[in-house]
Structures are given as C-alpha cells and as structure tokens.
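Structural description and commentary
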Amino acid sequence: MNFPGRIAVLGGGSWATALAKLLLNNEERIAWYMRRPDRIEDFCRTGHNPAYLSDVEFPTHRIDFSSDINEVCTTADTLVIALPSPYIKSHLAKIDVDISSKNIVVATKGIVPDENLLVTDYFVQHYGCKSDNLLVIGGPCHAEEVALQRLSYLTIGCRDISKSEAFAACLRSDAMKTICSADVDGIEYGAVLKNVYAIASGIISGMKKGDNFQAMLVANAIREMDRFVSFVAPMQRNICDSAYLGDLLVTSYSKFSRNHNFGSMIGKGYSVKVAMMEMEMVAEGYYGTKCIYEINRRYGVDMPILNCVYEILYGGSSVRKALDNISDTFI
C-alpha cells in the first residue's frame, strides 16, 4: 500500500470539517465517521455540515459517511483523529477491530483525560500502533480561517519524515501551506500548552489589564513552554518555529480562539461553570490545564502561568489574586 492509502476522518466538529475540506482538494474520496446518523442525513441532504462551518459546501458524492466507527476503521488505511480531547477516550472505546497497522494522524489538540497521555502515546499503549505510523497536525491554524480560504499554515509531524511529507501533500493548496517536522511529542505538548496560555491571555483581556501585560504574559508563556517541552521531550528544536510560537500567538489573540474567549468570560467575572455552559464549542485548554498540571507534578518544571490558570479553574483562587502572584515572575 502506498501511504496514505484510503483516508478517513473521525469527528464531526469544526476542525474535522476543515480537514475534510482540505483533503477533498487532493483526494478523490474520503471516509468520514460522525457519531450522529441524523447529522449525516442532514449533511447529505444540504451538502454542508449542519452544525459546524455550515457555509462550507462539500461534494458529498465523494464522501463515504458512516456512524459506525468500526466500519470506518476497517476500510481505511489512514485515520485522521479530529475528536475533542475530553471525549476522545469514550469515542475510541467503541473500536473493537484491530487498528495496530493503521496510520494514525492526530489532529486533536489535547491530552487523553484520566490517562494523562498524549494521544499518540494512547494509540501505542492501548491499540498497539507503531510509532513510525503516528503523525500529528500542528498550527498555527484556525478551522474558521480554513473555511474562509485565508492563507494558512499547518505543521505535519512524524518520526518518519517521508510520511510527514506525503501527508502534507494531501492537505496542501494555494491557501494552505505545509511544514514538515520530526518533533511529534513537542508539537503535541505545544498544542496543549498554547490552549492553557490562551485562557490566561483571555482572562487578561476580559479584565482589561491592557496590551502591555498581555504581551508580557505571552512572551513568558513561550519560555515556559520551552522549559516544559525541553524537559519531557528533549530534542533539537527552535521554540520560535510556527508550530510552537506561531500556534501560541494565534490562539492567544484571535477572535476565533475558543480558549481565549473562554478565558475572557472568566476575566469579565463569569464563574468557570457558567463560562463552560456559555461556550458553544469545547475549550480544550480547560481540560488540558488539569492534565498538564498533574503530569508536571512528576517533573517539577517551573510553570507559574500553568499553575496560575490551574488555581483559577480548579483551585477556587480569585482571578485578581492569581494574576498578582505571577506578575512579578515575568522577565
């Protein structure tokens, strides 16, 4: 089989929808797993996802939809995992076919809850997948701007760089540029951490603390990310590359960033519970904060911004007090 073979997208949200649209620019057919049969029916009837990025039209005659995850996993050679991290474990638990030889492309920006594992590590430990068959998709990129066909960039990571390059070609277009990397773990951890820091950036914005303080937070956040990723996944990397700094910047400042918007609501005085209820989409940084905090209890990396966000979201600390505690640590 020539990589990537038959491609399937798993997930029905905005990011899954954006990736499916990109793939159909270059692939003749794709398979697509969505949990809800009624959504599939509406999609086929209208020609667009009824719930996410609904302005984007699709050639549905070139898509093999299914609400049976095992059917999709059986017939596809490459699985693009675009499921929200809080629910990924429950979705994957439905898989009862052998996927150990499949190529897995992780587009989920999070950690597997309760397990505190990177999604790629979860596939290795629970499904016997091979490291060289695991790929990750990093930013900087918002699904909404892909839908608007604005010039965007994706980083494709794989330990087998030839696979990274081959899958990058499946996504590439005039409006989508791609970058290849061998830093699978760094891209995954960076994607989780940038969501945490985007919440902090949003809190500052919601409190109207000003651009100066927000800039200092983001500048220190990239240093904090570098310390953590260098410790848990040591290799030669430039933290200023787009997969790390670029993704952090767009998530910290963009109006499309659900994590920034979640943080902004908290900064305006919403409780965490109410802010979660108000969100139309999942703010993965909420869950990522707890996972990384628990992981770092083993390593002890100096992470004052992560600790600040954790105390606000899970420790009951006042927003003002938590921010005051980290402001003097900035350099």
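This text goes with the structure placed above it.
Presented here is a report on the structure given in the accompanying data block.

Here the bond from F3 into P4 is cis, since omega is 5 degrees, no more than 30 degrees from zero. For P4, the position within the fold is in the segment before β1 (7–10). The omega torsion of the bond from G139 to P140 falls at 10 degrees, within 30 degrees of zero and hence cis. Structurally, P140 can be placed in the loop between β8 (134–138) and α6 (143–147). Here D114, not a glycine, exhibits a phi torsion of approximately 70 degrees, which is positive. Mapped onto the elements of the fold, D114 is located in the loop between β6 (111–112) and β7 (117–118).

The next thing to look at is the packing of helix α8 (residues 184–206) against helix α14 (residues 304–313). For the pair α8 and α14, interaxial distance at closest approach is 9 Å and the crossing angle is 70 degrees. As the angle between them shows, α8 and α14 are arranged roughly perpendicular. Between α8 and α14 lies a crossing whose hand is left-handed. Counting all contacts with α8, which are made through V196, Y197, I199, A200 and I203, the residues of α14 involved are I305, L306, V309, I312 and L313. Class assignment for the residues of the contact of α8 with α14 results in 10 nonpolar, no polar and no charged.

To continue, consider helix α11 (residues 258–267). Counting buried positions over the 10 residues of α11 gives eight, a clear majority of the element. N259, H260, F262, G263, S264, M265, I266 and G267 are the residues of α11 that are buried. Once α11 finishes, G269 follows within two positions and takes phi at roughly 115 degrees, a positive value.

Together, L151, Y153 and I179 line one region of the surface with nonpolar side chains, adding up to about 260 Å² of accessible area. With respect to the element layout, I179 can be found in strand β10 (residues 176–181).

For the rest of this paragraph, the subject is the pairing of strand β2 (residues 30–33). Alternating positions in β2 separate into two faces, I30 and W32 on one and A31 and Y33 on the other, with burial throughout. Since β1 and β2 lie parallel, the crossover through helix α1 (residues 14–24) that links them has a hand, and here it is right-handed. By the bridge criterion, four bridges tie β2 to strand β3 (residues 63–66) in an arrangement that is parallel. Note that in β3 the partner of I30 across the bridge is I63. On the question of chirality, the crossover connecting β2 to the parallel β3 by way of helix α2 (residues 37–46) is right-handed.

The subject of this paragraph is the packing of helix α9 (residues 211–232) against α14. As a packed pair, α9 and α14 sit with axes 8 Å apart at the nearest point and diverge in direction by 105 degrees. Of the possible angle classes, the one that applies to α9 and α14 is roughly perpendicular. Packed against α9, whose contacting residues are L217, N220, A221, E224 and R227, the element α14 presents P304, I305 and L306 at the interface. Looking at the contact of α9 with α14 residue by residue, the class counts come to five nonpolar, one polar and two charged.

So, about the environment of S271. Along the chain, S271 falls in the loop between α11 and α12 (272–278). Judged by its relative accessible area of 36%, S271 is partly exposed. In terms of polar contacts, S271 uses its side chain to reach the backbone amide nitrogen of V274, at 3.1 Å.

Rules behind the numbers
Residues numbered from 1 in each chain as written. Predicted model: local features only at pLDDT ≥ 70, side-chain atom pairs only at ≥ 80, totals over all residues. Heavy atoms only, no water. Helix = DSSP H or I, 4+ residues; strand = E, 2+ residues; numbered from the N terminus. Axes fitted to C-alpha atoms, helices over the stretch in contact; angles between N-to-C directions. Parallel < 35°, antiparallel > 145°, perpendicular 65-115°, else oblique. Left-handed = near helix turned anticlockwise from the far one by under 90°. Contact = heavy atoms within 4.5 Å. Nonpolar A, V, L, I, M, F, W, Y, C, P; charged D, E, K, R; others polar. Buried < 20%, exposed > 50% of the residue type's maximum accessible area, 1.4 Å probe, protein only. Patch = residues over 30% accessible without salt bridge, like charges linked within 9 Å, V, L, I, M, F, W, Y side chains within 5 Å. Areas by Shrake-Rupley, 256 points an atom, 1.4 Å probe, with all protein chains shown as cover. Salt bridge = Lys/Arg side-chain N within 4 Å of Asp/Glu carboxyl O. Right-handed = clockwise from strand over helix to strand, strands pointing away. Pairing = 2+ DSSP bridges. Polar contact = N/O pair within 3.5 Å; in protein donor to acceptor, adjacent residues only side chain to side chain.

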